[in-house]
Each structure stands twice: as structure tokens, then as C-alpha cells.
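# Architecture and fold: a report
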Amino acid sequence: MNTDTQPKPVTSTPLMRRIIFSTVLHLGPFLLGFVPMWLKACQYAWRLSEAERQLNMERIYNALISAIIDVQQSHYELARQSASDFFTFLRVEADMGDDAALSPAQIEDAQVLFAQRDEIITLLAQSNPEAGGRLADLYELYREIMNR
């Protein structure tokens, strides 16, 4: 057996050229249509993400305002539920990390709000009128933190 034989280089046949040309011919228009649609989808995904962040922040704010209104009308159980929702929504947002609508400084400052949670919930569960003042203070602190 002769080991000095070299393999023949692969040459393209007319059929192979036709298949490659046909593939490129069909792939080109597909990519021309796909790329703009993909860019538009990315843009819509970003806008949806921003809308969800804004919605989450409004949910937090509305829960706090609802608790304040309910306590002013002596609906302490509804106020307790709304205050609990406020703290829960705020905690979820703070725990989202880089995807949070809150800045790292706001998340750090929100710990002061979380420290008041148990006391406020207890006052509301006891139907204590002092809860109204505590919720008003919480609201002022929340606005201060969010405007930083």
C-alpha cells in the first residue's frame, strides 16, 4: 500500500453551487425582514418593562394612600390590609435588585420604612386612632425617600 497518496481537494459541483446560491438567495430577504422586527420587539419589550416599573411604583403609592384614607374613615381593618399591601409591594420592589424601579440609595433608605411595619400593623389591628398619625408620618417619609 502506498501511503504517499494525497487526498483530492473538494471541488464544487454545479449542483452544490446552485444549493448554496439558493440558500443565500432565500436567507437574505428573511434576514432583511427579521432584523427590523427583532429591533422593534426589543423596543417594545423595553417600553413594557418601563411601564411595569411605573405600575409597581403606583401600586405601592396607592396602597399607602388607601391605608391613610381608610384609617381616617375609621375602617381600621381595611387600613391594616392596605398598609400590609404597601409594605409587601415595597419589599418585593426592593428585592428585585437591578430590575427594581428604586435606586440602591432608595432601597437602603426604605429600611427605615420597613422598621415601622410591625408597629403600624399592630396599631391598625387594635383600631388605635394613633395609627392615622403614624401613617401620615410614614407617607411623608416615603415621599421624601422617593424624591431623592
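To be clear, the structure that these remarks concern was listed above.
Quick notes on the rules
- Residues numbered from 1 in each chain as written.
- Predicted model: local features only at pLDDT ≥ 70, side-chain atom pairs only at ≥ 80, totals over all residues.
- Heavy atoms only, no water.
- Phe/Tyr/Trp six-rings, centres within 6.5 Å; stacked < 30°, edge-to-face > 60°.
- Helix = DSSP H or I, 4+ residues; strand = E, 2+ residues; numbered from the N terminus.
- Buried < 20%, exposed > 50% of the residue type's maximum accessible area, 1.4 Å probe, protein only.
- Lys NZ or Arg CZ within 6 Å of the ring centre and 35° of its normal.
- Salt bridge = Lys/Arg side-chain N within 4 Å of Asp/Glu carboxyl O.
- Axes fitted to C-alpha atoms, helices over the stretch in contact; angles between N-to-C directions.
- Parallel < 35°, antiparallel > 145°, perpendicular 65-115°, else oblique.
- Left-handed = near helix turned anticlockwise from the far one by under 90°.
- Contact = heavy atoms within 4.5 Å.
- Nonpolar A, V, L, I, M, F, W, Y, C, P; charged D, E, K, R; others polar.
- Patch = residues over 30% accessible without salt bridge, like charges linked within 9 Å, V, L, I, M, F, W, Y side chains within 5 Å.
- Areas by Shrake-Rupley, 256 points an atom, 1.4 Å probe, with all protein chains shown as cover.
- Core = buried A, V, L, I, M, F, W, Y, C linked by side-chain atoms within 4.5 Å.

### Describing the packing of aromatic side chains
- The final tally for this structure, using the stated rule, is four aromatic pairs.
- With 5.5 Å between their ring centres and 80° between their planes, F86 and Y142 make a pair best called edge-to-face. Within this pair, whereas F86 is found in helix α2 (residues 76–94), its partner Y142 is found in helix α6 (residues 130–146), the two being separated by 56 residues in sequence. For the pair F86 and Y142, a shared accessibility class is recorded, and that class is buried.
- These aromatic residues form a ring-pair network of at least three members: F86, F87 and Y142.
- In this structure, R91 is placed above the aromatic ring of F114, and the distance from its NZ or CZ to the ring centre is 3.8 Å.

### A closer look at the pattern of salt bridges
- Here the structure, examined in full by the defined rule, presents seven salt bridges.
- Across the pair R53 and E50 runs a salt bridge whose closest N-O atoms are separated by 2.6 Å. On the criterion of helical spacing, the pair formed by R53 and E50 is a turn pair, its members being three residues apart in helix α1 (residues 14–72).
- As a salt-bridge pair, D95 and R91 come within 3.7 Å of each other at their nearest N and O atoms.
- For D95, a relative accessible area of 53% corresponds to the exposed category.
- Take R91: its relative accessible area is 32%, and that puts it in the partly exposed class.

### Let's talk about unusual backbone geometry
- Notably, S74 is not glycine yet its phi reads approximately 60°, a positive angle.
- Along the polypeptide, S74 turns up in the loop between α1 and α2.
- Judged by its relative accessible area of 48%, S74 falls in the partly exposed class.

### What about the packing of α2 against α6?
- Where α2 meets α6, the axes come as close as 13 Å, and the angle between the chain directions of the two elements is 25°. By the angle between their axes, α2 is roughly parallel relative to α6. Of the two elements, α2 crosses α6, and the hand of that crossing is left-handed. The segment α2 lies against α6, with A83, F86, F87 and L90 engaging L135, L138 and Y142.
- Residue composition of the contact of α2 with α6, by class: seven nonpolar, no polar and no charged.

### Notes on a nonpolar patch on the surface
- Together, L27, F30, L31, F34, V35, W38 and L39 make up an exposed nonpolar region whose accessible area comes to about 690 Å².
- Secondary-structure assignment places L31 in helix α1.

### Comments concerning the nonpolar core
- One finds F86, L90, L124, L135 and Y142 to be the most contacted residues of the largest nonpolar core, which totals 31 residues.
- L124 has contacts with V71, Y76, A79, R80, A83, A131 and L135, leaving out every residue within four places of it along the chain.

### Re the environment of R143
- Relative to the elements of secondary structure, R143 occurs in helix α6.
- R143 sits 48 residues away from D95 along the chain, and the two C-alpha atoms are 19 Å apart.

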